[in-house]
Amino acid sequence: QVFEARAAGASGVLLIVGLLEPAELAGLLEATTRAGLEALVEVHTEDEWRQALDAGATLVGINNRDLRSLTTDLAVTERLAPLAPPGVTVVSESGIRSAADVRRVRDAGAHAVLVGESLLRRTGVSRLALLEELAGVPRREAAPWPSFLPLPRRGEGIPVKICGLTRPEDAALAVRWGASALGVVFAPSPRRVGLEQAREILSVAPAEVARVGVFVNPDPGFVAEAVEACSLGWIQLSGTEGPADVLQLSERLPGLAFPGRRVGVLKAVPMGRLPSLEEWGAFPADAFLLDSPAPGQGAGGTGRTFDWDLARDLPWPRTRVALAGGLSPENLPLAVARVGPALVDVSSGVEARPGVKDPERLRRFLETARSLPVSATAQP
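First things first, this report covers the structure right here in the doc. The structure presented is a predicted model; accordingly, all values stated were derived computationally and were not measured. Per chain, residues are indexed from 1 in the order of the written sequence. In keeping with the model being predicted, local features are shown solely for residues with a pLDDT of at least 70 and side-chain atom pairs are shown and tallied solely at 80 or more, while totals for entire chains, interfaces and linings include all residues. Values reported for side chains reflect all heavy atoms of the structure, with hydrogen atoms and water molecules removed beforehand.

1. Details of the pattern of salt bridges
Within this document, salt bridges are pairs made up of a side-chain nitrogen of Lys or Arg and a carboxyl oxygen of Asp or Glu, the two lying within 4 Å of each other. The full count for this structure, using the stated rule, is 20 salt bridges. For E330, the salt bridge identified is with R361, shortest N-O distance 3.1 Å. With E330 in the loop between β14 (321-323) and α13 (332-339) and R361 in helix α14 (residues 359-371), this pair connects stretches of sequence that are 31 residues apart. Exposure categories follow from relative accessible area, calculated using a 1.4 Å probe and restricted to protein chains: below 20% of the type maximum is buried, above 50% is exposed, and the middle band is partly exposed. On the accessibility criterion, E330 (47% relative accessible area) is partly exposed. Looking at R361, the relative accessible area reads 23%, which means it is partly exposed. In the salt-bridge network here, residues are joined through shared partners; they are R65, E117 and R121. Each helix corresponds to a stretch of at least 4 residues labelled H or I by DSSP, and each strand to a stretch of at least 2 residues labelled E; elements are numbered beginning at the N terminus.

The structure is reproduced here in structure tokens:
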């Protein structure tokens with residue numbers, strides 16, 4: 001059923017602890033990871049809460065409705081939400097009928113709410129009014145949603161994407177030392193890989209590490225094939241793609257077309273000049289990668305830095321900005337301090353030769369990123 005859900009285009013599945021034995025829960029969580037899905041693990045009691053955490057759940061739904069008696073009480077969230085350890089996102093489910101209810105469960109520790117029956121009981125303008133009322137409550141900052149968060153984060157410091165990988169052993173080292181994302185290049189480059197090689201490289205990535213495919217002015221059919229073959233969570237477009245190209249990709253990859261989509265779009269921006277609000281402000285991408293211009297090709301692949309002062313005034317919040325272009329263990333602290341990105345991207349700066357990472361430089365880069373104070377970055 002998990003893999004059928006994935007094949008049907010789902011981004012996640014619901015696992016109800018009360019209906020599963022501990023071994024079944026653990027097995028299904030493992031299956032969701034292998035399928036590239038998220039798992040919302042639903043609990044109602046303290047014992048079920050402990051089972052969910054023991055199984056490794058990081059997205060936990062607290063059902064305020066007892067499935068046996070069908071009684072509903074928001075006090076269930078008030079009792080269980082404070083038990084959430086750091087890194088676990090809590091969703092309060094059932095019994096949410098008003099903004100006061102949303103505030104109540106938020107103040108108890110919930111990061112999100114699931115609303116169904118209250119909306120079904122209304123129609124037309126009344127339903128819209130309730131949606132607006134519920135959405136008007138300020139959110140509580142949530143723990144990361146591993147593949148839904150615009151830019152991934154593991155541990156302390158600033159998240160790092162290790163790109164241009166050509167060997168599984170380099171990818172494994174990057175994961176071991178705390179990389180948040182792994183990137184493979186499908187475009188003309190000394191680091192270009194085929195689908196089978198990319199799948200082998202990215203197979204070392206656990207669920208919390210994003211898989212990124214780098215493309216330059218790609219054929220939508222090939223992108224769809226790569227996403228499926230390599231379970232990509234992100235498409236990086238580093239050519240001269242425009243908004244129409246992204247919309248064309250959306251037709252081949254329906255998951256691109258909706259909020260919370262399974263596949264994110266990271267658009268590389270050539271920083272030869274300051275990006276204008278008119279040109280880039282409404283570009284249909286989830287995040288933007290600031291990189292050095294590549295003559296005639298877009299951005300990236302040069303191994304050179306650009307003038308970081310160009311990033312002072314950008315048309316997007318820093319939570320949607322990643323930084324690349326000639327980064328190294330030596331210049332990383334200054335680059336982060338000057339630009340304030342939410343993620344940094346390195347390839348040649350940690351290489352022994354094109355496509356082959358130098359273990360010592362890789363380790364130093366990731367350790368340096370981990371040591372940077374969070375206040376110096378633009379974290380969500």
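2. Comments concerning the packing of aromatic side chains
Classification of ring pairs rests on two measures: the distance between centres of Phe, Tyr or Trp rings, Trp counted by its six-membered ring, which must be within 6.5 Å, and the angle between planes, read as stacked under 30 degrees, edge-to-face over 60 and tilted in between. The tally for this structure, following the rule as stated, stands at 4 aromatic pairs. With a centroid separation of 6.3 Å and 75° between ring planes, the pair formed by F283 and F288 is classed as edge-to-face. For the pair shown, F283 and F288 are each scored as buried. Aromatic ring contacts, followed pair by pair, group F186, F215 and F222 into a single cluster.

3. Description of unusual backbone geometry
Trans peptide bonds make up the majority, and among non-glycine residues the majority have a negative phi. A positive phi angle, close to 80°, is found at S94, a residue other than glycine. Within the secondary structure layout, S94 lies in the loop between β4 (89-93) and α5 (99-108). Judged by relative accessible area, S94 falls into the buried class, the value being 14%. If you check the backbone angles, N217 has positive phi at about 45° while not being a glycine. Judged by relative accessible area, which is 41%, N217 ranks as partly exposed.

4. Considerations on the packing of helix α9 (residues 195-202) against helix α10 (residues 220-230)
The geometry of α9 relative to α10 is characterised by a closest axis approach of 9 Å and an angle of 35° between their N-to-C directions. The hand of the α9/α10 crossing is right-handed. Touching L195, A198, R199 and L202 of α9 are F222, E225, A226, A229 and C230, all from α10. In terms of residue class, the contact of α9 with α10 is built from 7 nonpolar, no polar and 2 charged. Comment: axis = line fitted to C-alpha atoms, over the contacting stretch for helices; angle = value between 0 and 180 degrees taken between N-to-C directions. Should the near helix be turned counterclockwise from the far one by less than a right angle, the crossing is left-handed, whereas a clockwise turn marks it as right-handed. Contacts are residue-level and defined by heavy atoms, with any inter-residue pair within 4.5 Å sufficient. Amino acids outside the nonpolar list (Ala, Val, Leu, Ile, Met, Phe, Trp, Tyr, Cys, Pro) and the charged list (Asp, Glu, Lys, Arg) are all regarded as polar, and Gly is one of them.

5. Notes on the nonpolar core
Throughout this description, the term nonpolar core refers to a set of buried Ala, Val, Leu, Ile, Met, Phe, Trp, Tyr and Cys residues connected via side-chain atoms within 4.5 Å. Among the nonpolar cores identified, the biggest contains 62 residues, and I162, L182, F186, L290, L323 and V344 are the most heavily contacted of them. For this core, the element with the most residues is α10, which contributes 6 residues. Counting residues in each nonpolar core, the second largest holds 34 residues, with L15, L37, A81 and L119 among its members.

6. Thoughts on the sheet that holds β4
Sheet strands line up and pair through hydrogen bonds in the backbone, either parallel or antiparallel. Spatially, β1-β2-β3-β4-β5 is the arrangement adopted by the 5 strands of the open sheet, whose pairing is parallel. The sheet terminates laterally at β1 (12-16) and β5 (112-114), the two strands that pair on one side only. Averaged over all pairs of adjacent strands, the angle between strand axes in this sheet comes to 30°, irrespective of strand direction. Strand pairing is assigned whenever DSSP identifies at least 2 bridges connecting the two strands. For β4 and β5, the ladder comprises 3 bridges, and the chain directions are parallel. Residue E93 lies in a different strand from β5, and its bridge partner there is L114.

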